[in-house]
Amino acid sequence: MNTVYMVGAGPGDPELITVKGQRIVNEADIIIYAGSLVNKAIIAGHKPDAEIFNSASMTLDDVIAVIKRGTEEGKKIARVHTGDPSIYGAIREQMDRLDELGIPFDVIPGVSSFVASAAALKKEFTLPDVSQTVILTRLEGRTPVPEKEKLEDLASHQASMCIFLSVQMIDDVVARLMKHYAPTTPIAIIQRATWEDQKIVMGTLETIAQKVKDENITKTAQILVGDFLGDQYSLSKLYDPSFTHEYRQGVE
């Protein structure tokens, strides 16, 4: 029985899918991709006779049915997700169903929108004496968030924070963040990171909500917040000439 591949397509730029992920997509007999989010250029190199399914209009049962039929026919299947499939990819429920059916699968990681957004801003999440922790989270919507993971509680750490799937609730996001972050804390909104129509809006917690509304950003945007977006930090020990490590003797 052929292996099913859960492929992370990356954030949008078709060159940001992994080499392995692109190879699997190009070799697949059946491709099921998240058509509302995955750049169609990612699947443009598919085999001429490949079957293509857009999962935007499918249920979990529909997806599993296509995979089951395909594996029974001995076909190679690529299930293509946006970004990295392990982050808000809803792949666990698919993998559990495949386990129940005895269908083997592998997961191919991808570039998530949060790291693509940092790259677009040319920023580093983990700056010495600023932050050594990155928090990935979201505001509750139709999908609830556990009580202990409320945004205002996570904000108490004042770490570098990446907020998914929440820009449409920017006023609520800001209100919760400001319970612990200073009003002058820098914040960035990156819509459709790495796509040709990528849009970046920078501000502070006290200014960003209006800027987002002025730019009419209501979806497919990453929210990054924290002092890592500023310019004050300490230099790394790694490249300090006085720092000794396994590969270099420091100079006093």
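It should be emphasised that the depicted structure is a prediction, and the values quoted were computed from it without experimental measurement.

K.L.:
How would you sum up the overall build of the chain? Please name residues and give values.
P.N.:
Broken down by element type, the chain carries 7 helices and 10 strands. Across its three principal axes, the chain shows a C-alpha extent of roughly 60 × 50 × 35 Å. Within the chain, the proportion of its 252 residues that are buried is 43%. Taking the contacts inside the chain whose residues are at least 6 apart along the sequence as the reference set, 66% of them involve residues at least 24 apart.

K.L.:
Hey, could you go over the sheet that holds strand β3 (residues 51–54) for me, with residue numbers and the actual values?
P.N.:
On the basis of which strands lie adjacent, the open sheet formed by 5 strands has the order β3-β2-β4-β1-β5 and parallel pairing. The open sheet is flanked by β3 and β5 (105–108), the only strands paired with a single partner. Averaged over neighbouring strand pairs, the angle between their axes works out to 15 degrees when direction is ignored. Bridging between strand β1 (residues 4–8) and strand β4 (residues 77–81) involves 5 bridges; their strand directions are parallel.

K.L.:
If you had to explain the sheet that holds strand β9 (residues 199–204) to someone new, which residues and values would you point to?
P.N.:
Ordered in space as β6-β7-β10-β8-β9, the 5 strands form an open sheet in which the pairing is mixed. Two strands lie at the open edges of the sheet, namely β6 (134–138) and β9, each paired on one side alone. Neighbouring strand axes in the sheet, compared pairwise and without regard to direction, differ in orientation by 20 degrees on average. Packing against the sheet, helix α4 (residues 113–121) makes contact with β6, β7 (160–164), β8 (186–191), β9 and β10 (221–225), and its axis sits at approximately 70 degrees to β10.

K.L.:
Give me the lowdown on the nonpolar core, citing residues and values where you can.
P.N.:
The biggest cluster of nonpolar side chains holds 25 residues, and the ones touching the most others in it are M161, I170, L177 and I189. At the level of elements, α5 (151–155), β7, α6 (170–177), β8, α7 (208–214) and β10 are the ones that each hand at least two residues to this core. The leading source of residues in this core is α6, at 4 residues. Apart from residues lying up to four places away in sequence, M161 is in contact with I135, T137, L151, L154, A155, L177, Y181, I223, L224, V225 and F228. Among the nonpolar cores identified, the runner-up in size contains 16 residues, and Y5, I24, V25 and Y33 belong to it.

K.L.:
Any chance you could break down the pairing of β4 for me, citing the residues and the numbers?
P.N.:
Across the 5 residues of β4, 5 count as buried, placing the element largely inside the fold. Here β4 shows a buried face lined by I77, R79 and H81 and a second buried face lined by A78 and V80. Sheet analysis places strand β2 (residues 30–33) next to β4, joined by 4 bridges and oriented parallel. By the bridge assignment, I32 is partnered in β4 with R79.

Here is what the cut-offs are and how they apply
- Here, residues in each chain are numbered from 1, in the same order as that chain's written sequence.
- For this predicted model, a pLDDT threshold of at least 70 governs which residues receive local features, and a threshold of 80 or more governs which side-chain atom pairs are given and counted, while totals over whole chains, interfaces and linings are taken from all residues.
- Side-chain calculation: all heavy atoms of the structure are included, whereas hydrogens and water are not.
- The way it works is that DSSP assigns letters per residue, a run of H or I at least four long becomes a helix, a run of E at least two long becomes a strand, and they are numbered from the N terminus.
- Think of it in three bands: with a 1.4 Å probe and only protein chains considered, a residue is buried below 20% of the maximum accessible area for its type, exposed above 50%, and partly exposed in between.
- By definition in these notes, contact holds between two residues if any of their heavy atoms fall within 4.5 Å.
- Strand pairing is assigned whenever DSSP detects at least two bridges linking the two strands.
- Orientation is described by axes fitted as lines to C-alpha atoms, over the contacting stretch for helices, and by angles from 0 to 180 degrees between their N-to-C directions.
- Here, nonpolar core means buried Ala, Val, Leu, Ile, Met, Phe, Trp, Tyr and Cys residues that are tied together by side-chain atoms lying within 4.5 Å of each other.

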